[in-house]
Structures are given as C-alpha cells and as structure tokens.
Amino acid sequence: MAIPALAFPAFASEDIPDQYPQSVLYSKPYEVIPGVFSAIGATAPPTYENAGHNNNLSFIVTGDGVVVVNSGASYLLARALHDEIKAVTDQPVKLVINENGQGHAMLGNNYWIEQGVPVLAHVEAAAEFEHSMAGAWTALKGYAKENAEGTDPMGPTETFEDERVITMGDFDIHVMHLGPAHSPGDTQVWLPKQGFMIAGDIAFHERMPPIFEGTCTSCWIETWETKFVPLAPTYVIPGHGHPTNLAQVTRYTHDYLVYLRGKIAEHIEAGGDLAGAYYVDQTPYAHLDTYEELATKNAGVVYSEMEFE
C-alpha cells in the first residue's frame, strides 16, 4: 500500500509556548497516515506553558480498538488525549504502550488504569520508572502546578522482554525493544505493513538528543546500525518532534553520536580533561532545539563514558 505524503501541523519550535490553548495538550493530534495519529509535543523542556507535553503522544485506530503509545506526563494529559481519541472514533482504547520509563511516558498511567485499560512496558523501563517516579512526580508538581492534579504514579500493568506482537483490526503491531539506546527499556512500535515506526527516544531530529548518565552511546550506535536501520521504515515518529524519515533521524541521532564520540576521542587523545571536554565543538548541531541546555552536558557524559574505554 502506498503511504501518502505526510501532513504537518505548525512547526514544533521550542519558542512556541503552546499550540492548542483550549487543551492541556501542547498540540492537537493529527492523522499522520491512515489510522495513525500523533499529538506532537513541544521540543522545549517541560514547562508550565506546555504542561509537560514535550514528547509525542500517539494512537492507532485499528478498526477493532485503539492502541495508545505513551500515557503522557500527567493524569490530565492522558485524559485530554482520550478526549481527542473519542472525538475521532467510537472504538475503545484496548492497550496503552509506554515507550520508556521516563515521567513523560508513564506518569499518566493511572488515568488509563482507572479506565480498565492494560498498560504495557518493557521490563527495564518498568524498573526504571519504579526507581525514578518519586522524583518525576515531584518535578511535575513543581512545573505543572494545577495541571499535575489527579496524577498518582503507577507503573505498567504488564511487561515484555524482547517483543510483543499484537494483531488488532487492520494492523500488525510489533512492540519491540531493539537494544540499548537512549534509556533503559527503550521501546519501538513497528507497523510492518505500513512501513511505519513509532520510534520513541531511540530517534531524534528537531531537538538535540539528551545523553543520560549511564547511557552507552556505543551501544546506541550499534543498536541503530544492526537493528533499527535494517527494518528500513519509510516514515518515523520520533520520541520528540514531527514525523520524518529514516535519513533525517539518522543524521541527527546516529550521526550526532558518532560525531560527538569522535570529538571526545580527539580531546582525550590530546590529553584533555573533563573540564575541557564540555567545550568540544558541537556547532554543526547548534540549530537544534535544546542545544543550549544539552550540548555541554552531553559532552561531559560522553567523556566520562569514553575515558576508560
């Protein structure tokens, strides 16, 4: 089946505080390809203005029920997304998938659990959320204020390890953990018949990828090259930013990681220390959103990773 050209809503610049003032959502969901919708989050860090909707909240209308990807950063965001789903279809939500163990993927879980909907996550993502959910909840209350109301941190109701294949309506949905990448339990939702990947945080292109303490960037590169690229998705919904293609997310994720590791390797080879590593040249990526917040942090994390490789 030929996939139509993607339609795009307003550009997700980090300078735009909110694109959908009548909703707690940052932007209204739109249909990316037939049956697949996404509410594109802000590319800025979480703020009061964007209510923590700074990642993509997607859903698949299968013909026999709806599958949601990401609960969102709060109970109210999950409820707002459900309201949008109900405006599109009478089909019930039958499953929610958390793309990782971060707050913006899981803090809305209790809304869906309250509706009786099962919530699925990778076992490592579930463990990560268990470890970090108190801090994530505290952060949410700090920036979201009244928009944090109703949120009661809950992990997923089900977990998987390698892959869960779900056939529902017109869709074969492969819930996959391709390997180590951005954070523990990174999950990809692959629609092979449509050639479409809801990639989560393995893939970035409009904002700089954040590299966390403990992230193995060499593993991320290997997962990309050996597991992600061979699937050859026609279109990709990244964890943050608009739907795009494999070439674009490769340029701004895989190629960025390779570039930064190369710069840090040169710095170490020249006898450079951690203090100097923060200032390696990353200007080819200075146009990306969150560059100012993340570039120096990323360099320091990669230096610590590579110092004893």
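This text follows the structure it describes.
Numbering of residues begins from 1 in every chain and follows the order in which that chain's sequence is written. For a predicted model such as this one, the threshold for reporting local features is a pLDDT of at least 70, and the threshold for listing and counting side-chain atom pairs is 80 or more; totals across whole chains, interfaces and linings nevertheless cover every residue. The side-chain values count all of the structure's non-hydrogen atoms but skip hydrogen atoms and water molecules.

Notes on the overall build of the protein
And then number 1: Along its length, the protein carries eight helices and twelve strands.
And then number 2: For 309 residues, the compact-globule formula gives about 19 Å, and the C-alpha radius of gyration of the protein, at 19 Å, lands near that figure.
And then number 3: Across its three principal directions, the C-alpha atoms of the protein cover 60 × 45 × 35 Å.
And then number 4: Within the protein, buried positions represent 59% of all 309 residues.
And then number 5: Whether two residues are in contact is decided by their heavy atoms: any pair within 4.5 Å suffices. Taking the contacts inside the protein whose residues are at least 6 apart along the sequence as the reference set, 66% of them involve residues at least 24 apart.
And then number 6: Of the roughly 12,300 Å² that the protein leaves accessible, carbon and sulfur atoms contribute 53%.
And then number 7: Positive charges come from Lys and Arg alone, negative charges from Asp and Glu alone, with His and the N- and C-terminal ends not counted. Where a charge lies is defined by one atom per residue type, namely NZ (Lys), CZ (Arg), CG (Asp) and CD (Glu). Separation between the mean location of the 14 positive side-chain charges and that of the 40 negative ones in the protein comes to 4 Å. Secondary structure follows DSSP: runs of H or I at least 4 residues long count as helices, runs of E at least 2 residues long count as strands, and numbering of each begins at the N terminus. Our radius of gyration looks at C-alpha atoms and nothing else; its globule reference is 2.2 Å times the residue count to the power 0.38. Three exposure classes are used, based on accessible area relative to the maximum for each residue type with a 1.4 Å probe and protein chains only: buried under 20%, partly exposed in between, and exposed over 50%. In this description, accessible areas are obtained by the Shrake-Rupley approach with a 1.4 Å probe, and a residue is regarded as covered only by the protein chains that are shown.

Points about the layout of surface pockets
And then number 1: As a volume, the largest pocket reaches approximately 910 Å³.
And then number 2: Looking at the largest pocket, it is lined by 42 residues, and the ones nearest its centre are Gln102, His104, His182, Pro210 and Phe212.
And then number 3: Listed by contribution, the elements that provide at least two residues to the lining of the largest pocket are helix H2 (103-106), helix H4 (123-144) and helix H8 (291-306).
And then number 4: Examining the composition of the lining of the largest pocket, we find that eight residues originate from one element, H4, more than from any other.
And then number 5: Note on residue categories: nonpolar means Ala, Val, Leu, Ile, Met, Phe, Trp, Tyr, Cys or Pro, charged means Asp, Glu, Lys or Arg, and polar means any other residue, Gly included. In terms of residue class, the lining of the largest pocket is built from 18 nonpolar, 17 polar and seven charged. The method works on a 1 Å grid over the protein atoms by themselves. A cavity is a set of points holding a 1.4 Å probe that cannot get out, a pocket is an open set with protein on both sides within 12 Å along at least five of seven lines, and residues with an atom within 4 Å of a point line them. Grid points are joined across faces, edges and corners, and a volume is the space filled by probe spheres set on the points.

Notes on the environment of Asp255
And then number 1: Mapped onto the fold, Asp255 is located in helix H6 (residues 246-269).
And then number 2: The exposure class of Asp255 is partly exposed, given its relative accessible area of 32%.
And then number 3: On a C-alpha basis, the gap between Asp255 and Ile221 in space is 8.8 Å, while along the polypeptide they are 34 residues apart.
And then number 4: The contacts of Asp255, once residues within four sequence positions are left out, are Thr250 and Tyr285.

Observations concerning the pattern of salt bridges
And then number 1: When a carboxyl oxygen of Asp or Glu is within 4 Å of a side-chain nitrogen of Lys or Arg, the pair counts as a salt bridge. Under the definition given, this model contains six salt bridges.
And then number 2: The partner of Lys28 in a salt bridge is Glu84, with the nearest N and O atoms 3.0 Å apart. With a gap of 56 residues between them, Lys28 in the segment before strand S1 (30-33) and Glu84 in helix H1 (residues 75-88) connect regions that are remote in the sequence.
And then number 3: The class of Glu84 is buried, set by a relative accessible area of 10%.
And then number 4: Note that Lys86 is salt-bridged to Asp83, the shortest N-O span being 3.9 Å. Taken together, the residues span about one helical turn, with Lys86 and Asp83 both in helix H1 at a distance of three residues.
And then number 5: Asp83 sits in the partly exposed class, given a relative accessible area of 43%.
And then number 6: Because the salt bridges share partners, they merge into one network encompassing Arg261, Glu305 and Glu309.

Examining the sheet that holds strand S3 (residues 57-61)
Paired through backbone hydrogen bonds, the strands of a sheet run either parallel or antiparallel to each other.
And then number 1: For two strands to count as paired, DSSP must find a minimum of two bridges between them. As summarised here, the arrangement of the seven strands in space is S1-S2-S3-S4-S5-S6-S7, forming an open sheet in which the pairing is mixed. Strands at the two margins of the open sheet, each flanked by one partner only, are S1 and strand S7 (158-160). Along the sheet, successive strands turn relative to each other by an average axial angle of 25°, direction set aside.
And then number 2: Relative to strand S2 (residues 36-39), S1 is paired through three bridges, and the arrangement is antiparallel. Following the sheet pairing, Glu31 is matched in S2 by Phe37.
And then number 3: Against the sheet, H1 engages S2, S3, strand S4 (66-69) and strand S5 (93-97), with an angle of about 30° to S3.
And then number 4: Where H4 meets the sheet, it contacts strand S6 (119-122) and S7, and its direction lies at approximately 95° from that of S6. To define axes, lines are fitted to C-alpha atoms, for helices over the stretch in contact only, and angles between the resulting N-to-C directions are given on a 0 to 180 degree scale.

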